[in-house]
Amino acid sequence: MNIILLGPPGAGKGTQSQRLVERRGMRQLSTGDMLRAAVKAGTPTGLKAKAVMERGELVSDEIVSGIIGEELDSMGPESGAIFDGYPRTEAQAQALEKLLSDRGRTLDHVIELDVNEDALVERITGRFTCASCGKGYHDKFEQPRLPGTCDKCGGTEFKRRPDDNAETVRTRMAEYRAKTAPILPFYEAKGIVSRVDGMADMDSVTEAIEAIIG
Ligand code: AP5
Ligand code: MG
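Residues numbered from 1 in each chain as written. Chains lettered and ligands numbered in written order. Predicted model: local features only at pLDDT ≥ 70, side-chain atom pairs only at ≥ 80, totals over all residues. Heavy atoms only, no water.

Asker: What's the story with the overall build of the chain in this structure? I'm lost.
Answerer: Secondary structure assignment for the chain yields 9 helices and 8 strands. For the chain, the C-alpha radius of gyration of 17 Å lies close to 17 Å, the compact-globule estimate for 214 residues. When its C-alpha atoms are laid out on the principal axes, the chain stretches across 45 × 40 × 35 Å. For the chain, the residues scored as buried account for 44% of the 214 residues in total. Accessible surface, the chain: about 10600 Å² in total, of which carbon and sulfur atoms supply 50%. (Helix = DSSP H or I, 4+ residues; strand = E, 2+ residues; numbered from the N terminus. Rg over C-alpha atoms; globule rule 2.2 N^0.38 Å. Buried < 20%, exposed > 50% of the residue type's maximum accessible area, 1.4 Å probe, protein only. Areas by Shrake-Rupley, 256 points an atom, 1.4 Å probe, with all protein chains shown as cover.)

Written out as structure tokens, the structure is:
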């Protein structure tokens, strides 16, 4: 099973991917997470990506498709992939076709998280993650059960993303509208697009996704 979760910044791609990883043992391939790891490690890719990400613009197609290819090569053929934040341009959608077919994989579902952009700024500016295991939280919508302690790993340090400010979010949304939303018709023509109400509570979104992927 290989699926794409598609939606603007803050739509819930990362949140729902983590749930699918836990429930189904699928692998989350988040280009955003991989790029942030590269920035942190100071790799050549990270050095190229840092300023672009801080502005909320898109990193080059070659870089992101390259890292997705490497990730796919590190996976066993039995593990399913959840593409989170990739593809984001027509060139990336084309590259993914080849990356998958070269590895004997097919794309089963493209799930669009349908959200109201006005609510997304609040979601994004309230977001934080566990510094040890990466579990996501939110100031208002999902606090750790024991304040200051990660539910999943017991970690006590949390972090916020440098691009999670109201101004950068606007650029990220504009990039989504201009470059990412236009790839939907390509997948619609293949008959594999489903829409989920991303404004519902997190559990209902998970249920809706589970119902689609069966
Ligand atoms: P990336 O990391 O992919 O960021 P993004 O697309 O902007 O998406 P987010 O991670 O902000 O949102 P999400 O949909 O994962 O939401 P989440 O589940 O966390 O990309 C960052 C940057 O990297 C890009 O700007 C670009 O520069 C670069 N990049 C990455 N991929 C690239 C590519 N392919 N090509 C080129 N450049 C690339 O949810 C948000 C918050 O809301 C959380 O706090 C969560 O708890 C809460 N929440 C989630 N669901 C709900 C709900 N149903 N109800 C209430 N709250 C909810
Ligand atoms: Mg994310």
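That was the structure; now back to the text.
Asker: Please explain the sheet that holds strand β1 (residues 2–6) as it appears in this structure.
Answerer: Note: strands within a sheet are paired through backbone hydrogen bonds, in either parallel or antiparallel orientation. Taken together, the 5 strands give an open sheet; going across it, the order is β2-β3-β1-β4-β8, and neighbouring strands pair in parallel fashion. The sheet is open, and its two borders are formed by β2 (27–30) and β8 (193–197), each paired with just one other strand. Within this sheet the neighbouring strands show an average axis-to-axis angle of 25 degrees, counted without direction. Inspection of the sheet shows strand β4 (residues 109–114) paired to β8 by 5 bridges, in the parallel sense. Looking across to β8, one finds that D114 is bridged to D197. Those strands touched by helix α1 (residues 13–24) are β1, β2, β3 (81–84) and β4, and its axis lies near 170 degrees from that of β3. (Pairing = 2+ DSSP bridges. Axes fitted to C-alpha atoms, helices over the stretch in contact; angles between N-to-C directions. Contact = heavy atoms within 4.5 Å.)

Asker: Sorry if this is basic, but what is going on with the packing of helix α6 (residues 117–125) against helix α7 (residues 166–180) here?
Answerer: Two quantities define a packed helix pair, namely the angle between the axes and the distance from one axis to the other. Running from amino to carboxyl end, α6 crosses α7 at an angle of 130 degrees, the nearest separation of the two axes being 10 Å. Our classification of the angle between α6 and α7 gives oblique. Of the two possible hands of crossing, α6 and α7 adopt the one that is right-handed. Here E117, L120, V121, I124 and T125 of α6 lie close against α7, whose contacting residues are A166, V169, R172, M173 and R177. Here the contact of α6 with α7 is built from residues that sort into 6 nonpolar, 1 polar and 3 charged. (Parallel < 35°, antiparallel > 145°, perpendicular 65-115°, else oblique. Left-handed = near helix turned anticlockwise from the far one by under 90°. Nonpolar A, V, L, I, M, F, W, Y, C, P; charged D, E, K, R; others polar.)

Asker: Could you clarify how one ought to interpret the side chain of T89 in this entry?
Answerer: Looking at where T89 falls in the secondary structure, it is placed in the loop between β3 and α5 (90–102). Of note is the side chain of T89, whose polar atom sits 2.9 Å from the side chain of D61. Once you skip the residues sitting within four places of it in the chain, T89 turns out to touch L58, D61, K179 and I183. (Polar contact = N/O pair within 3.5 Å; in protein donor to acceptor, adjacent residues only side chain to side chain.)

Asker: Can you help me understand the sheet that holds strand β5 (residues 127–130) in this one?
Answerer: Read from one edge of the open sheet, 3 strands run β6-β5-β7, paired in antiparallel fashion. Two strands in the sheet have a free side with no partner beyond their single neighbour: β6 (136–138) and β7 (158–159).

Asker: Is there a simple way to explain the packing of aromatic side chains in this structure?
Answerer: The geometry of two aromatic rings is summed up by the distance between their centres and the angle between their planes. Per the counting criterion, the structure on display carries 5 aromatic pairs. Taking the centre distance of 5.7 Å and the plane angle of 25 degrees together, the rings of F128 and Y137 count as stacked. A ring pair is formed by F186 and Y187, whose centres lie 5.0 Å apart and whose planes are at 70 degrees; its orientation type is edge-to-face. Take Y187: its relative accessible area is 1%, and that puts it in the buried class. Taken together, the ring pairs connect F128, Y137 and F158 into an aromatic cluster. (Phe/Tyr/Trp six-rings, centres within 6.5 Å; stacked < 30°, edge-to-face > 60°.)

Asker: Any chance you could explain the site of ligand 1 here in plain terms?
Answerer: Contacts to ligand 1 come from 33 residues, most closely from T15, E57, R88, R127 and R172. Residue T31 places a side-chain N or O atom 2.7 Å away from a nitrogen atom belonging to ligand 1. Look at ligand 1: alone it shows 1000 Å² of surface, and the protein chains cover 95% of it. Of all the secondary structure elements, the ones that give two or more residues to the shell around ligand 1 are α1, α2 (31–41) and β6. (Near = heavy atom within 4 Å.)

Purely spatial values, then, with no claim about function.
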